[in-house]
Amino acid sequence: MLHLQSSKHETENKTGHCTKVVRSANMENLRSGYLFPEISLREYEHSQKYPNAKIIKLGIGDTTEPIPDCITSAMAKQATALSTVEGYSGYGDEQGSKALRKRIAEMLYGNMGIKGEEVFVSDGAQCDISRLQMLLGPNVTVAVQDPSFPAYIDSSVIFGRAGDLQGQNGKYERIVYMKCTPDNDFFPDLSITPRTDIIFFCSPNNPTGTAASAAQLRRLVDFATANGSIIVFDSSYAAYISDGSPTSIYQIPGAKQVAIEISSFSKFAGFTGVRLGWTVVPEELSYSNGFPIIKDYDRIVCTCFNGASNIVQAGGLACLSAEGLQAISRVVKSYQENAKILTEAFRGLGMEVYGGQNAPYLWVHFPGSSSWEIFAEIMEKTHIVTIPGRGFGPGGEAYIRVSSFGHRETILEASQRLTNLRTLNIN
Ligand code: MLT
């Protein structure tokens, strides 16, 4: 996870030879390194500074608990079968195995009328964000929640849709930032939101941990319908919803005509390393000329992807069996309990804490502070890594995101260290 980003002005070349290829202006337009490798780098530097410190990683949202045996044994069985003449298989369908597509449609979209043929199995939601960007024309306009998962903006910059970065407010001029704060219940004021072609919308939201209600999503779908926009709905954290909020945009009538949904097994089943996700493109969704978008997405997938690993897809099927779902829900529950423990620890410090109830992330407010400074101070004083909210957009200033992925004893240790902060007067 450790990468070094060369800055815009870094032209030094170590070999003395340069090609004649010009660096993409879009790559030059990226604000900095991608957030998560930057956090890994800070963590690494901290470990160098304090070689004996036991660092607790509550930064990058990486799952920690073992994958239930009923799922790994299905993958092992599939792997072993590849060593037999009968069990060997090569390329599969680029869109994913029919069995898994059908199982996703039935188990996760059962009463929403989504068909297996509308589900495209992939190697993860993040890769699908870029494939969707590839699908869309060069001039489409984009709106994002502010704060939001950085891949929506960064991939928009890479595809040249973002315009210039404005120094004074840290925003790209062609991106519409839909402010989401406690004041608007973390749901954008659509009455002042300009029309865009694409609206990236993540619920439960990464980083704020808040899930949009059915009434809010109804407003979003109506907004997209009235404007002829497409919602790219990211439901990667749906398994963490505990208050009955919608787990899919397709629970809202009419959404199939205006929304694509991306999702993932990563946080749902601990597949961050295994890699498996999916995208739903409904047949009803079309371009302005009436052409079905699903046909173009199919074309993109066939051109750019050879399908998810057959071993991993066997794991996906096992996740969606009755036994798999039960086992997964126990793991999710333990992360949800972690979130409660951490929430209490921060509240004990007098901080306002959002999220946690419907997502594995806490969004902790430090009014008037710089989020990078808070991040650095917490790491310095407790050896706990978090993520500065500013990394998720200008709207994340004065917040930090805290992940609840971790073994229970680590979370309890983190909670203890945070409680001890009281005497250090961090707040
Ligand atoms: C996160 O929000 O921490 C991400 O899921 C990590 C990632 O995408 O690399």
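Residues numbered from 1 in each chain as written. Predicted model: local features only at pLDDT ≥ 70, side-chain atom pairs only at ≥ 80, totals over all residues. Heavy atoms only, no water.

- Labelled according to an unreviewed UniProt entry, the chain appears under the name Probable LL-diaminopimelate aminotransferase, chloroplastic isoform X1, originating from Cucurbita maxima.
- Regarding the chain, the relevant UniProt record gives this comment under Sequence similarities (unreviewed entry): "Belongs to the class-I pyridoxal-phosphate-dependent aminotransferase family. LL-diaminopimelate aminotransferase subfamily." (UniProt positions renumbered as here; feature names shortened; annotations may be inferred.)

## Observations concerning the pairing of strand 7 (residues 198–202)
Okay, step 1: Counting buried positions along strand 7 yields five of five residues, so the element is predominantly enclosed.
Okay, step 2: Burial along strand 7 is two-sided: Ile198, Phe200 and Cys202 and Ile199 and Phe201, pointing in opposite directions, are all buried.
Okay, step 3: Relative to strand 7, strand 3 (residues 142–146) runs parallel, the two sharing three bridges. By the bridge assignment, Val144 is partnered in strand 7 with Phe200.
Okay, step 4: Of the pairings in the sheet, the one linking strand 7 to strand 8 (residues 230–234) comprises five bridges and is parallel in character. Paired with Phe201 across the bridge in strand 8 is Phe233.
Okay, step 5: Read from strand 7 through helix 7 (residues 214–227) to strand 8, the crossover connection turns out right-handed. (Buried < 20%, exposed > 50% of the residue type's maximum accessible area, 1.4 Å probe, protein only. Helix = DSSP H or I, 4+ residues; strand = E, 2+ residues; numbered from the N terminus. Pairing = 2+ DSSP bridges. Right-handed = clockwise from strand over helix to strand, strands pointing away.)

## With respect to the pattern of salt bridges
Okay, step 1: Tallied over the entire structure, the rule returns 15 salt bridges.
Okay, step 2: With its nearest N and O atoms 3.2 Å apart, the salt bridge here joins Lys57 to Glu43. With Lys57 in strand 1 (residues 56–57) and Glu43 in helix 2 (residues 35–49), this residue pair connects regions lying 14 residues apart in the sequence.
Okay, step 3: In this structure, Glu283 engages Lys115 in a salt bridge whose closest nitrogen and oxygen atoms are separated by 2.7 Å. Taken together, the positions of Glu283 in the loop between strand 10 (277–280) and helix 9 (293–304) and Lys115 in the loop between helix 4 (98–108) and strand 2 (119–122) put the pair 168 residues apart, joining distant regions of the chain.
Okay, step 4: Assessed through its relative accessible area of 39%, Glu283 is described here as partly exposed.
Okay, step 5: The structure contains a network of salt bridges with shared partners spanning Asp123, Asp128 and Arg131. (Salt bridge = Lys/Arg side-chain N within 4 Å of Asp/Glu carboxyl O.)

## Details of the environment of Pro150
Okay, step 1: Following the sequence through the fold, Pro150 ends up in helix 6 (residues 150–158).
Okay, step 2: Separated by 56 residues in the primary sequence, Pro150 and Asn206 place their C-alpha atoms 9.3 Å from one another.
Okay, step 3: In contact with Pro150, other than residues within four places in its own chain, are Tyr34, Leu35, Phe36, Gly391 and Phe392. (Contact = heavy atoms within 4.5 Å.)

## Observations regarding the sheet that holds strand 3
Okay, step 1: Pairing is mixed in the open sheet, where seven strands are placed in the order 2-10-9-8-7-3-6. Of all the strands in the sheet, just strand 2 and strand 6 (175–179) have a single pairing partner and so form its edges. Along the sheet, successive strands turn relative to each other by an average axial angle of 20°, direction set aside.
Okay, step 2: Bridge count between strand 3 and strand 6: five bridges; the pairing is parallel. Each bridged residue has a counterpart across the sheet, and for Gln145 the counterpart in strand 6 is Met178.
Okay, step 3: Where helix 4 meets the sheet, its contacts fall on strand 2 and strand 10, and the angle it forms with strand 2 comes to roughly 115°. (Axes fitted to C-alpha atoms, helices over the stretch in contact; angles between N-to-C directions.)

## Concerning the UniProt feature "domain: Aminotransferase class I/classII large" (unreviewed entry) in the chain
Okay, step 1: Within the UniProt annotation, "domain: Aminotransferase class I/classII large" (unreviewed entry) is assigned to residues 54–417.
Okay, step 2: Overall, residues 54–417 shows 37% helix and 16% strand. The separation of its end C-alpha atoms is 11 Å.

## Notes on helix 4
Okay, step 1: Within the span of helix 4, buried status applies to Leu100, Arg101, Ile104 and Ala105. Projected down its long axis, helix 4 shows its buried positions confined to an angular sector of 135°, all on one face.
Okay, step 2: In this fold, the buried residues of helix 4 make contact with strand 2, strand 10 and helix 10 (310–319). (Arc of directions from axis to C-beta.)

## Remarks on the pairing of strand 8
Okay, step 1: Of all five residues that make up strand 8, five are buried, and the element is covered over most of its length.
Okay, step 2: Alternating positions in strand 8 separate into two faces, Ile230, Val232 and Asp234 on one and Ile231 and Phe233 on the other, with burial throughout.
Okay, step 3: Sheet topology note: the strand 8/strand 9 (residues 259–264) ladder contains four bridges and is parallel. Within strand 9, the residue paired with Val232 across the bridge is Ile260.

## Things to note about the environment of Val280
Okay, step 1: With respect to the helices and strands, the residue Val280 is situated in strand 10.
Okay, step 2: A relative accessible area of 0% means that Val280 is categorised as buried.
Okay, step 3: Through-space distance from the C-alpha of Val280 to that of Ala151 is 19 Å; in sequence the pair is 129 residues apart.
Okay, step 4: Discounting chain neighbours no more than four positions away, the residues touching Val280 are Tyr109, Ile114, Glu118, Val119, Tyr250, Ile260 and Glu261.

## Topic: the state of the cysteines
Okay, step 1: Scanning the model with the defined rule gives zero disulfides in all.
Okay, step 2: Of all cysteine sulfurs, the one in Cys304 lies closest to Cys302, which takes part in no disulfide; the gap is 9.5 Å. (Disulfide = S-S within 2.5 Å.)

## Digging into the packing of aromatic side chains
Okay, step 1: With the rule as written, the count across this model stands at 21 aromatic pairs.
Okay, step 2: Each ring, one from Tyr240 and one from Phe405, has its centre 6.2 Å from the other, and the planes form 85°; the classification is edge-to-face. Of this pair, Tyr240 sits in the loop between strand 8 and strand 9 while Phe405 sits in the loop between strand 15 (399–403) and helix 13 (408–420), placing them 165 residues apart in sequence. Each member of the pair, Tyr240 together with Phe405, is buried.
Okay, step 3: Centre to centre, the rings of Tyr335 and Phe405 are 4.7 Å apart; their planes meet at 85°, and the pair counts as edge-to-face. Placement of the pair is Tyr335 in helix 11 (residues 322–348) and Phe405 in the loop between strand 15 and helix 13, with a sequence separation of 70 residues. Taken as a pair, Tyr335 and Phe405 share a single burial class, namely buried.
Okay, step 4: Site record: aromatic cluster; members linked through ring pairs are Tyr34, Phe36, Phe149, Tyr152, Phe200, Trp363, Phe392 and Tyr399.
Okay, step 5: The positively charged end of Arg101 is found above the aromatic ring belonging to Phe120, 5.3 Å away from the centroid.
Okay, step 6: Seen from the ring of Tyr361, Arg401 lies directly overhead, with NZ or CZ sitting 3.7 Å from the centre. (Phe/Tyr/Trp six-rings, centres within 6.5 Å; stacked < 30°, edge-to-face > 60°. Lys NZ or Arg CZ within 6 Å of the ring centre and 35° of its normal.)

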